[in-house]
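Chain by chain, the residues run as shown.
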Amino acid sequence: MSEAQAGGAVPAGTSTTSSRPYSRDMATTRSTGWAGWMWFAAIMLVMAGVFNAMYGLVALFQDTYYVVGPQGLLVFDLTRWGWILLVTGTLAVVAGMALFTGALWARIIAVVLAAVNALIQMGFMPAYPVWALVAIAVDIIVIWAVIVHGGDMREESWR
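In this text, all values refer to a predicted model and were calculated from it rather than measured experimentally. (Residues numbered from 1 in each chain as written. Predicted model: local features only at pLDDT ≥ 70, side-chain atom pairs only at ≥ 80, totals over all residues. Heavy atoms only, no water.)

Asks: Can you explain the environment of Val93? Please cite residues and give values.
Replies: Relative to the helices and strands, Val93 is located in helix α3 (residues 78–99). A residue is classified by how much of its surface remains accessible, and Val93, at 24% relative accessible area, is partly exposed. Setting aside residues up to four positions removed in sequence, Val93 forms contacts with Val46, Gly49 and Val50. (Helix = DSSP H or I, 4+ residues; strand = E, 2+ residues; numbered from the N terminus. Buried < 20%, exposed > 50% of the residue type's maximum accessible area, 1.4 Å probe, protein only. Contact = heavy atoms within 4.5 Å.)

In structure tokens form, the structure reads like this:
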């Protein structure tokens, strides 16, 4: 007869059944199914970063590619926007790769970079409005996925 059946105290977090060879909380071993959103967010962040880096390089080396209206670009000239896009794109690729680990620091950096990229795209909108709107939409989805389902990536089994 076990101690629990005899009315004795059982320490918190231990199991009184012996059907399982080890005692672990099922919530930490069962995949929630939502970890796919984190994979999606990581992949989209990497892709957005690659595209931003490419657009930044185009703005730096072939500045006649973008057509800018008479109002010009918001705040900066095209060369400066090229550097901004190149740097943030590179950082987004690194953050997206780190997001695959599910680490808390990677999730924080991913949310910050996605928010910053959405603001950058608003400023770059006069030069390339279609891509800017698509990038903003992707950034919003990435932020949502990381904030809502960020913890699910840690629980996903790699076996």
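So that's the structure; there's more coming.
Asks: Would you mind going over the side chain of Asn117 in detail, with residue names and values included?
Replies: Secondary-structure assignment places Asn117 in helix α4 (residues 104–124). According to the relative accessible area criterion, Asn117 is buried, its value standing at 6%. Within the local environment of Asn117, its side chain forms a polar contact with the side chain of Asn52, the two groups lying 2.6 Å apart. One polar contact links Asn117 to Asp139, side chain to side chain, over a distance of 2.8 Å. Setting aside anything within four residues of it in sequence, one finds Asn117 in contact with Asn52, Ala135 and Asp139. (Polar contact = N/O pair within 3.5 Å; in protein donor to acceptor, adjacent residues only side chain to side chain.)

Asks: Break down the nonpolar core for me, with residues and values.
Replies: With 20 residues, the main nonpolar core has Ala41, Leu45, Leu99, Ala106, Val142 and Val146 as its most contacted residues. Elements represented by at least two residues in this core include exactly α2 (35–61), α3, α4 and α5 (129–149). In contact with Val142, not counting residues within four places along its chain, are Ala41, Met44, Leu45 and Ala114. (Core = buried A, V, L, I, M, F, W, Y, C linked by side-chain atoms within 4.5 Å.)

Asks: Go over the confidence of the model for the protein with me, naming the residues and quoting the values.
Replies: Taken as a whole, the protein shows an average pLDDT of 77; of its residues, 65% reach a score of 70 or greater. Contacts of residues 22–27 to residues separated by more than four positions or lying in other chains number seven contacts, the stretch itself having pLDDT below 50. Scored below 50 in pLDDT, residues 155–159 makes eight contacts in the model with residues more than four places away or belonging to other chains. (pLDDT = per-residue confidence, 0-100.)

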